[in-house]
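Below are the chains, spelled out letter by letter.
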Amino acid sequence: MSTTTAPSPGAGQEDLARLEAHWGERASLRSWFSTVDHKRIGRRYLVTASLFFVLAGTSALAMRTQLARPESNLLSPEEYNQLFTMHGTAMIFLFATPMLFGFGNYLVPLMIGSRDMAFPKLNAFGYWVFLFAGLFMWASLPFGAAPNGGWFAYVPLTDDRNTPGLHMDVYTLGLLFLGIATTAGSINFIVTALKLRAPGMSLNRVPLFVWAIVATAFMVIFALPALNLDNAMLFLDRRFGTHFFDPEAAGNVLLWQHLFWIFGHPDVYIIVMPALGIVSAVLPAFTRRGVVGYVLIVLAIVSIAIISFGVWVHHMFATGLPHLSYSFFSAASTIITIPSGIQIFAWLATMMLGRLVVRVPLLFLVGFIVTFVLGGLTGAMFALTAFDQQVTDSYFVVAHFHYVLIGGAVFPILAAIYYWLPKMTGRMYHEGLGKWAFWLFFTGMQVAFFPMHLSGLFGMPRRVYTYRDEPGWDVWNMVSTIGAYILAVGLLLVLIGVVHAIRRGRPAPPDPWCGDTLEWSTESPPRPYNFPVLPQVHSLHPTWDQPSRSSMAEDATPDRILADGRRTLFTSELDGRRERVVEMPEASLQPLLLALAMLVFFTAMLFAWYPFAVAAAVAVAVIIAWWLWPPRRPEEELGVAR
């Protein structure tokens, strides 16, 4: 990996050496397991989520091959159900949110002018839990014990009578395990963005990507408990004979759907919101101006975060609930399109008023707008109860949510990969290869999923492993399968382009795009301490204004170099006033050990090894106590009285 060094006239060589000594981590096996550097953790999130994406995508290709022709027998019903469930679960829980949180891990401290996340060890712990939870779930597939009740896991189809075996126990315990990582990461993002911003970065100067990450983190905090409660109750019903979802014992099967979609519909925006923030972050570099309507976009982000909690019943319009209640949720489902539309029009205005520089990241942003708008139009159709009831459980729904999730998340993710790859690796990508990847991915997306609208209108049900030779079904399924393979070739070219850039790309300068946020004022890739001099922010576009740039050079003072330890600044929540200097923790094995103890606990619960589960719970408590135990101060170690 090549490092292109940005000049640091504000910090002398002695200061740089001290910063390197305090923040640098030696290349060793222990360092690999104990790192708390947000950049290394962010890269690990990106790589791990990408690997889970490959597994989920391979599952999707197997399913599409099965569905290419009527009455195919490539996959058995049980194999199809397991691949179908793991595909959806992995894409939603193990790829989209972790991938976007990976960008957040890497970029949020850099964008706000900090040297790390607020809780570095908690950050490392979140990654290890995410990794182990993903492996916990995927490891069940080779043994034929993978979840098989759909990523939505509707009861009573998933209770112990209808789905015996470990399948849905893997699902419930895996998501409970994963929820620990998601919650820890969300708390970390909120505190980091509120308290570690550079001096002068008031709320009206916070980058839109950071706003999107913080709004997403708050949504996770409020939405995830419903899913955790759902999974805990289903596990108790299956394993210990409780009756939360058993109508014969005064339980309620619709309770699962209510709790699941109270989480599930905000989760659509939990996935999409950081991706929308990526669009707002990338666009200025390729339009040579700030995004139009900054305040309106912030209000739109906050509005989506709030309104998204009031639309969950539109997933339940066919369940027989009172029709009067449908009208309220139908109205909310329509209203939530307004703040999304505000952002779309703001981006279009930015492109119209700016000077476009057509590079690969901009192509993926344009592809995002086209695809996401098409998905949004069909989403508005689902807000109409009568239409929703006609196409429920048809392939029209499959087409809609793939347009929303691929258009709303994957296109921005690919734009982000090309945009920030030079910053993360110190190498530039191949422009021609990137354009081929875009056109193949965009074409494959439309060919694969647009025909599913037609299949659905022709009456083809979703969640089936095969189908009869009905008019309008076989042709469009074959077209969709061809499109899926074209899409896969586009993604393969993305991977080839990333590997080519890392191995053979030309060295990247600190700011190859003329970006407007603080990460572009650092080296490529950034040093372990991020900033030799902590910046003083004077505008919304700090790398475009001279006072902010000067604060990291000739205006540097020792109280912003902070070379005496692993130190950064706490600032006030609203206006970014300097409050105090804080010490950040050293690298530690505690996060890994705690995650391993939790892995043992959930594995023991899965196989009903309850004595081992109790022992693992005790180990978890001991490691937490060790983690929270106050560290010895240097004067105490030397025996000096305080």
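Calculation notes
Residues numbered from 1 in each chain as written. Predicted model: local features only at pLDDT ≥ 70, side-chain atom pairs only at ≥ 80, totals over all residues. Heavy atoms only, no water. Helix = DSSP H or I, 4+ residues; strand = E, 2+ residues; numbered from the N terminus. Buried < 20%, exposed > 50% of the residue type's maximum accessible area, 1.4 Å probe, protein only. Areas by Shrake-Rupley, 256 points an atom, 1.4 Å probe, with all protein chains shown as cover. Lys, Arg positive; Asp, Glu negative; His and termini not counted. Charge placed at Lys NZ, Arg CZ, Asp CG, Glu CD. Salt bridge = Lys/Arg side-chain N within 4 Å of Asp/Glu carboxyl O. Axes fitted to C-alpha atoms, helices over the stretch in contact; angles between N-to-C directions. Parallel < 35°, antiparallel > 145°, perpendicular 65-115°, else oblique. Left-handed = near helix turned anticlockwise from the far one by under 90°. Contact = heavy atoms within 4.5 Å. Nonpolar A, V, L, I, M, F, W, Y, C, P; charged D, E, K, R; others polar. Domains from an automatic or database assignment. Buried area = accessible area lost by both parts, 1.4 Å probe. Polar contact = N/O pair within 3.5 Å; in protein donor to acceptor, adjacent residues only side chain to side chain. UniProt positions renumbered as here; feature names shortened; annotations may be inferred. Core = buried A, V, L, I, M, F, W, Y, C linked by side-chain atoms within 4.5 Å. Phe/Tyr/Trp six-rings, centres within 6.5 Å; stacked < 30°, edge-to-face > 60°. Lys NZ or Arg CZ within 6 Å of the ring centre and 35° of its normal. Pairing = 2+ DSSP bridges. pLDDT = per-residue confidence, 0-100.

Peer 1: So what exactly am I meant to see when it comes to the overall build of the protein chain here?
Peer 2: When its secondary structure is counted, the protein chain shows 21 helices and 2 strands. Along the first, second and third principal axes, the C-alpha atoms of the protein chain reach 75 × 65 × 50 Å. Residues classed as buried in the protein chain amount to 59% of the 642 residues present. Counting only carbon and sulfur atoms, one obtains 68% of the accessible surface of the protein chain, whose full area is about 25,600 Å². In the protein chain, 41 positive and 40 negative side-chain charges are present, and the distance between their average locations comes to 8 Å.

Peer 1: Any chance you could explain the pattern of salt bridges here in plain terms?
Peer 2: Pairing is possible between side chains of opposite charge, provided their charged atoms come close. All chains considered together, the criterion is met by 18 salt bridges. In this structure, glutamate 583 and arginine 567 form a salt bridge, with 3.3 Å as the shortest nitrogen-oxygen distance. Taken together, the residues glutamate 583 in strand β2 (residues 578-583) and arginine 567 in strand β1 (residues 567-571) connect sequence positions 16 residues apart. Each of Asp15, Arg18, Asp564, Arg567 and Glu583 takes part in a single network of salt bridges with overlapping partners.

Peer 1: Where do I start with the packing of helix α5 (residues 120-138) against helix α19 (residues 590-606) in this structure?
Peer 2: To describe two helices that pack against each other, one gives the angle between their axes and the distance between the axes. Running from N to C, α5 and α19 point in directions that differ by 30°, and their axes come no closer than 8 Å. Relative to α19, the element α5 lies roughly parallel. Relative to α19, α5 is oriented so that their crossing is right-handed. Along its contact with α5, which presents Lys121, Ala124, Phe125, Trp128, Val129, Phe132 and Phe136, the element α19 presents Gln590, Pro591, Leu592, Leu594, Ala595, Leu596, Met598, Leu599, Phe602, Thr603 and Leu606. Of the residues belonging to the contact of α5 with α19, the class tally is 15 nonpolar, 2 polar and 1 charged.

Peer 1: When you look at the domain arrangement of the protein chain in this model, what are you seeing that I'm missing?
Peer 2: The figure often quoted for interface size is the accessible area lost as the parts come together. Its domain assignment divides the protein chain into domain 1 (34-522) and domain 2 (588-629). Centre-to-centre, using C-alpha coordinates, domain 1 lies 30 Å away from domain 2. Tallying the contact residues gives 20 residues for domain 1 and 18 residues for domain 2. Between domain 1 and domain 2, roughly 1,700 Å² of surface is buried when both sides are summed, and carbon and sulfur atoms account for 81% of that area. Looking only at domain 1, the three residues that lose the most surface to domain 2 are Lys121, Phe125 and Phe132, adding up to 31% of its buried area. Between domain 1 and domain 2 we count 0 salt bridges in total. Summed over the shared surface of domain 1 and domain 2, the result is 5 residue pairs in polar contact (both at pLDDT 80 or more). Looking at the side of domain 1 that touches domain 2, the elements that each hand over two or more residues are α5, α6 (167-195) and α7 (208-240). The element best represented in the side of domain 1 that touches domain 2 is α5, accounting for 8 residues.

Peer 1: Is there a simple way to think about the UniProt feature "domain: Cytochrome oxidase subunit I profile" (unreviewed entry) in the protein chain in this case?
Peer 2: In this structure's numbering, the residues bearing the UniProt feature "domain: Cytochrome oxidase subunit I profile" (unreviewed entry) are residues 26-538. In residues 26-538, the share of helix is 68% and the share of strand is 0%. The end C-alpha atoms are 36 Å apart.

Peer 1: Please clarify how unusual backbone geometry should be interpreted in this entry.
Peer 2: Outside of glycine, negative phi angles account for most residues, and trans bonds account for most peptide bonds. In the segment running from valine 155 into proline 156, the intervening peptide bond is cis, with an omega of 5°. Within the secondary structure layout, proline 156 lies in the loop between α5 and α6. In this model, serine 524 is joined to proline 525 through a cis peptide bond whose omega is -10°. Along the chain, proline 525 turns up in the loop between α16 (474-504) and α17 (546-551). Its identity is not glycine, yet arginine 288 carries a phi of approximately 60°, on the positive side.

Peer 1: What exactly am I supposed to notice about the side chain of arginine 238 here?
Peer 2: Note on placement: arginine 238 falls in helix α7. Taking the relative accessible area as the measure of exposure, arginine 238 reaches 9% and is therefore buried. At a separation of 2.8 Å, a polar atom in the side chain of arginine 238 contacts the main-chain carbonyl oxygen of threonine 158.

Peer 1: Would you mind showing me how to read the packing of helix α12 (residues 360-382) against helix α14 (residues 395-425) here?
Peer 2: Contact geometry of α12 with α14 gives a least axis separation of 8 Å together with a crossing angle of 160°. It follows that α12 is roughly antiparallel to α14 by the angle criterion. In this structure, the crossing between α12 and α14 has a hand that is left-handed. The class makeup of the residues in the contact of α12 with α14 is 19 nonpolar, 8 polar and no charged.

Peer 1: Quick question: what am I supposed to make of the nonpolar core here?
Peer 2: Inside soluble globular proteins, nonpolar side chains tend to come together where they are buried. In terms of nonpolar packing, the biggest core is built from 205 residues, with Phe103, Trp347 and Trp420 touching the most fellow members. Here this core takes 21 residues from helix α4 (residues 77-112), the largest share from any one element. Mapped onto the domain boundaries, this core takes at least three residues apiece from domain 1 (34-522) and domain 2 (588-629).

Peer 1: Explain the packing of aromatic side chains here, please?
Peer 2: For any two aromatic rings, the description comes down to two numbers: the centre-to-centre distance and the angle of the planes. Counted according to the given criterion, the structure contains 54 aromatic pairs. Ring centres 4.8 Å apart and planes at 70° place the aromatic pair phenylalanine 438 and tryptophan 439 in the edge-to-face group. Residue class for tryptophan 439 comes out partly exposed when judged on its relative accessible area of 49%. In this structure, arginine 463 is placed above the aromatic ring of phenylalanine 152, and the distance from its NZ or CZ to the ring centre is 4.1 Å.

Peer 1: Even after reading the chapter, I still don't get the pairing of β2, so can you show me in this structure?
Peer 2: Consecutive residues of a regular strand have side chains that alternate between opposite faces of the sheet. Taken together, the 5 bridges between β1 and β2 define a ladder with antiparallel strand orientation. By the bridge assignment, leucine 569 is partnered in β2 with valine 581. Joining the antiparallel neighbours β1 and β2 is a turn of 6 residues, in which glycine 576 adopts a positive phi near 65°.

Peer 1: Help me out: how do you make sense of the environment of arginine 239 in this one?
Peer 2: In this fold, arginine 239 is placed in helix α7. Residue classification places arginine 239 among the partly exposed residues on the basis of a relative accessible area of 21%. Along the chain, arginine 239 and alanine 608 lie 369 residues apart, while their C-alpha atoms are 8.8 Å from each other. With residues up to four places along the chain from it excluded, the contact list for arginine 239 reads Leu166, Asp169, Met605, Leu606, Ala608 and Tyr610. Here aspartate 169 takes part through its side chain, which lies 3.4 Å from a polar atom of the side chain of arginine 239.

Peer 1: What's the story with the confidence of the model for the protein chain in this structure? I'm lost.
Peer 2: For residues with low pLDDT, the predicted coordinates do not support detailed interpretation. Predicted confidence across the protein chain gives a mean pLDDT of 93, with 96% of residues reaching 70 or more. Counting contacts from residues 1-8, a segment whose pLDDT is below 50, to residues more than four positions away or on other chains yields 25 contacts. Counting interchain partners and residues more than four positions distant, the pLDDT-below-50 stretch residues 636-642 has 6 contacts.

Peer 1: It is not clear to me how the environment of alanine 62 should be interpreted in this structure. Could you clarify?
Peer 2: Structurally, alanine 62 is set in helix α3 (residues 38-66). On the basis of relative accessible area, alanine 62 is assigned to the partly exposed category, the value being 22%. Counting along the chain gives 12 residues from alanine 62 to leucine 74, while the straight-line C-alpha distance between them is 8.4 Å. With near-sequence residues (within four places) excluded, alanine 62 lies in contact with Leu74, Leu75 and Leu83.

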